[in-house]
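Okay, here's what each chain looks like letter by letter:
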Amino acid sequence: MVFRLHLARHGETLFNIRGQLQGWCDSPLTPVGRAQALQLADQFAEVDVSAILSSDLTRARETADSVASRHPDVDRLELRDLREWHYGGWEGQPNAALWSHVFAAHGRNYGEPREWDILTASGVDHVIDAIAASDSLRLAEDSLAVALRRDRAIATILAEGSRRGGELLVVSHGTMLASLIGELLPDAAPVRFPNVGVVSMDVDDSGPVGASLQASWLSTPSGPRAGSVGTIRRSA
């Protein structure tokens, strides 16, 4: 069955505006973030949404709930597997404290334009492992732990979409969305999600080659932000 999959990031949070690492910390939406969630709800008000899935962290739940308020008869599912990467002892620290270290370890300069795109051009596993290795508390996830969660989340998403059809909305987090995109569209350019940014793709699992996925636009409630991020056909 063909279905359309929308991957969205949560609205703006307190930690976003304070420049702190969130991970599994339950940073609340700001007033701007709540307004963004309502704009996302407007964006999906006329969409044939068949289910709304989200991380179980508050910022993702509240963003998804805003959309669900326009679709009261649509099922809501919360998945722990859709949580952000777990940054361990780095959580709550300034973004620069971690990322300057990780970027420097790979010969890159944190904060310069396109440096994230260059750092993640070959994937994100080395980034996740660098975070885990630098965590003095040894609580951060490594790439294997993230991959296991990612794969379970994708399996659930594909199963729900195949069963329901229509259009599925999934609300998650910036770097976890990068992990999902990297697996679903391995030939795609790196994607950086703004708050309530959306990447949409068509999924067809009825053919002999398994699933084909086409990502269209990275968009926000105010309009498109970037062009196509890529296309891939995945063998069964």
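Here we summarise the structure given alongside this text. (Residues numbered from 1 in each chain as written. Predicted model: local features only at pLDDT ≥ 70, side-chain atom pairs only at ≥ 80, totals over all residues. Heavy atoms only, no water.)

### What to know about the overall build of the chain
Which entries qualify depends on this criterion: Starting at the N terminus, helices and strands are each numbered in turn, a helix being any DSSP run of H or I of at least four residues and a strand any DSSP run of E of at least two. Only protein chains enter the accessibility calculation, which uses a 1.4 Å probe. A residue is then buried if its area is under 20% of the maximum for its type, exposed if over 50%, and partly exposed in between. Residue contacts are defined here by distance: any two heavy atoms, one from each residue, within 4.5 Å place the two residues in contact.
Helix and strand counts for the chain stand at 8 helices and 8 strands. With 236 residues in all, the chain has 53% of them scored as buried. In the chain, 68% of the contacts between residues at least 6 apart in sequence involve partners at least 24 apart.

### Topic: the nonpolar core
Applied cut-off: Here, the term nonpolar core denotes a set of buried Ala, Val, Leu, Ile, Met, Phe, Trp, Tyr and Cys residues that are joined through side-chain atoms within 4.5 Å.
By size, the foremost hydrophobic cluster in this structure holds 24 residues, and its most contacted members are L5, L7, L53, L82 and M201. Those elements giving two or more residues to this core turn out to be β1 (2-9), β2 (49-55), β3 (75-79), α7 (143-164), β4 (167-172), α8 (174-184) and β5 (198-207). For L53, the contacting residues outside a window of four places in its chain are R76, L77, L79, L82, T156, I157, L168, L169, V170 and V171. Grouped together as the second largest cluster of nonpolar side chains are 19 residues, L98, F103, L119 and A130 included.

### A look at the pattern of salt bridges
Test applied: Only one rule defines a salt bridge in this text: a Lys or Arg side-chain nitrogen within 4 Å of an Asp or Glu carboxyl oxygen.
With the rule as written, the count across this model stands at 15 salt bridges. The shortest N-O distance in the salt bridge between D65 and R76 comes to 3.0 Å. With a gap of 11 residues between them, D65 in helix α3 (residues 58-68) and R76 in strand β3 connect regions that are remote in the sequence. Owing to a relative accessible area of 35%, D65 belongs among the partly exposed residues under this scheme. Its relative accessible area of 24% is what places R76 among the partly exposed residues. With its nearest N and O atoms 3.0 Å apart, the salt bridge here joins R108 to E115. According to the relative accessible area criterion, R108 is partly exposed, its value standing at 27%.

### Structural notes on the layout of surface pockets
Any empty space left between the atoms is revealed when a probe the size of a water molecule rolls over them. For clarity, the cut-off: Lining residues are defined by having an atom within 4 Å of a point belonging to a cavity or pocket. Those points lie on a 1 Å grid over the protein atoms alone, cavities being sets where a 1.4 Å probe fits but cannot get out and pockets being open sets with protein on both sides within 12 Å along at least five of seven lines. Grid points are joined across faces, edges and corners, and a volume is the space filled by probe spheres set on the points. For this scheme, ten residues count as nonpolar: Ala, Val, Leu, Ile, Met, Phe, Trp, Tyr, Cys and Pro. Four count as charged, namely Asp, Glu, Lys and Arg, and the remainder, Gly too, count as polar.
Roughly 710 Å³ of internal volume is contained in the largest pocket. What lines the largest pocket is a set of 26 residues, and nearest its centre among them are R9, N95, W99, W116 and T175. Mapped onto the lining of the largest pocket, the elements with two or more residues apiece are α4 (95-105), α5 (115-119) and α8. Partitioned by chemical class, the residues of the lining of the largest pocket number 9 nonpolar, 10 polar and 7 charged.

### A look at the packing of aromatic side chains
We apply this condition: Working definition: a ring pair exists when centres of Phe, Tyr or Trp rings (six-membered ring for Trp) sit within 6.5 Å. Plane angles under 30 degrees give stacked, over 60 give edge-to-face, the rest tilted. Charge over a ring is defined by NZ of Lys or CZ of Arg lying within 6 Å of the ring centre and within 35 degrees of the ring normal.
Scanning the model with the defined rule gives 6 aromatic pairs in all. A connected cluster of aromatic rings, assembled from ring pairs, spans W85, Y87, W99, F103, Y110 and W116. Lying across the ring of W24, R83 places its NZ or CZ 4.8 Å from the centre.

### Considerations on the pairing of β1
Put simply, the rule is: Should DSSP find at least two bridges between two strands, the strands are regarded as paired.
For β1, the tally of buried residues reaches 6 of 8 residues, placing the bulk of the element in the interior. Looking at chain direction, β1 and β4 are connected through 6 bridges and run parallel. Bridging from a neighbouring strand, H6 pairs with L169 of β4.

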